[in-house]
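Residue-level listing of the chains:
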Amino acid sequence: MSAGFFGNGVYLAEDADKADQYCSADTPDASPNMLHTRLYSSWGAAHPGRVYYAFVCRSALGCPVFTKDGTTNSLDGTPVFSSDDQRELRGIPGINPPI
C-alpha cells in the first residue's frame, strides 16, 4: 500500500524503473511484520540490510484517466473523483452496465 497522489491504495507501473521510485527501504531495524517473518525469521535468515521490494503482477487496464492536477480529467475537464472526500473515482460515462 502506498499513500500516493490519489491516496492510499495499490499503484501499478508499466516498468520496474517507475515502480522503484515509489518503494521505500525496508531496514533490519524496522518494526517486525508479516513480511519480515515470512522472508527472514521463519527461515532463520538474517535481514540483508536496506532492501526494496516490488510485487510483480499482470493487470488489465480499464479506462485510463489523464490528469495533470490530480482532480480534473485533462481531456474533458470533468472531475476525476465522484465526491469531495476523494475516496472513489468517478463513474465512466457511456459504459453498459454503468460502473
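Located above this text is the structure these notes cover.
Residues numbered from 1 in each chain as written. Predicted model: local features only at pLDDT ≥ 70, side-chain atom pairs only at ≥ 80, totals over all residues. Heavy atoms only, no water.

A look at the overall build of the protein chain
In step 1: On a plain count of helices and strands, the protein chain comes out with 2 helices and 2 strands.
In step 2: The helix and strand sequence of the protein chain, counted from the amino end, reads β-β-α-α.
In step 3: A burial count over the protein chain gives 12% of its 99 residues as buried.
In step 4: Here the contacts in the protein chain between residues at least 6 apart in sequence split such that 24% fall between residues at least 24 apart.
In step 5: Summing over all exposed atoms, the protein chain offers an accessible surface of approximately 8,600 Å²; the carbon and sulfur share of this is 55%. (Helix = DSSP H or I, 4+ residues; strand = E, 2+ residues; numbered from the N terminus. Buried < 20%, exposed > 50% of the residue type's maximum accessible area, 1.4 Å probe, protein only. Contact = heavy atoms within 4.5 Å. Areas by Shrake-Rupley, 256 points an atom, 1.4 Å probe, with all protein chains shown as cover.)

Side note on the side chain of N73
In step 1: Relative to the helices and strands, N73 resides in the segment after helix 2 (34-39).
In step 2: Residue contacts for N73: discarding those within four places in its chain leaves V65, F66, T78 and V80.

A look at a negative patch on the surface
In step 1: Together, E14, D15, D17 and D20 give the surface a local cluster of negative charge.
In step 2: For D17, the location among the structural elements is in helix 1 (residues 16-20). (Patch = residues over 30% accessible without salt bridge, like charges linked within 9 Å, V, L, I, M, F, W, Y side chains within 5 Å. Salt bridge = Lys/Arg side-chain N within 4 Å of Asp/Glu carboxyl O. Lys, Arg positive; Asp, Glu negative; His and termini not counted. Charge placed at Lys NZ, Arg CZ, Asp CG, Glu CD.)

As for the side chain of H47
In step 1: Of note, H47 is situated in the segment after helix 2.
In step 2: Residue H47 is classed as buried on the basis of its relative accessible area, which comes to 18%.
In step 3: Here D26 takes part through its side chain, which lies 3.1 Å from a polar atom of the side chain of H47.
In step 4: Of the polar contacts made by the side chain of H47, one reaches the backbone oxygen of G49; its length is 3.0 Å.
In step 5: Setting aside chain neighbours within four positions, we find H47 in contact with D26, T27, P28, H36, Y40 and Y53. (Polar contact = N/O pair within 3.5 Å; in protein donor to acceptor, adjacent residues only side chain to side chain.)

Considering the environment of R90
In step 1: Looking at where R90 falls in the secondary structure, it is placed in the segment after helix 2.
In step 2: Residue classification places R90 among the partly exposed residues on the basis of a relative accessible area of 35%.
In step 3: Residues R90 and V80, 10 residues apart in the sequence, show an inter-C-alpha distance of 5.6 Å.
In step 4: Residues in contact with R90, not counting those within four places in the same chain, are T78, P79, V80, F81 and S82.
In step 5: A polar contact is formed between the side chain of R90 and the side chain of T78, at a distance of 3.3 Å.

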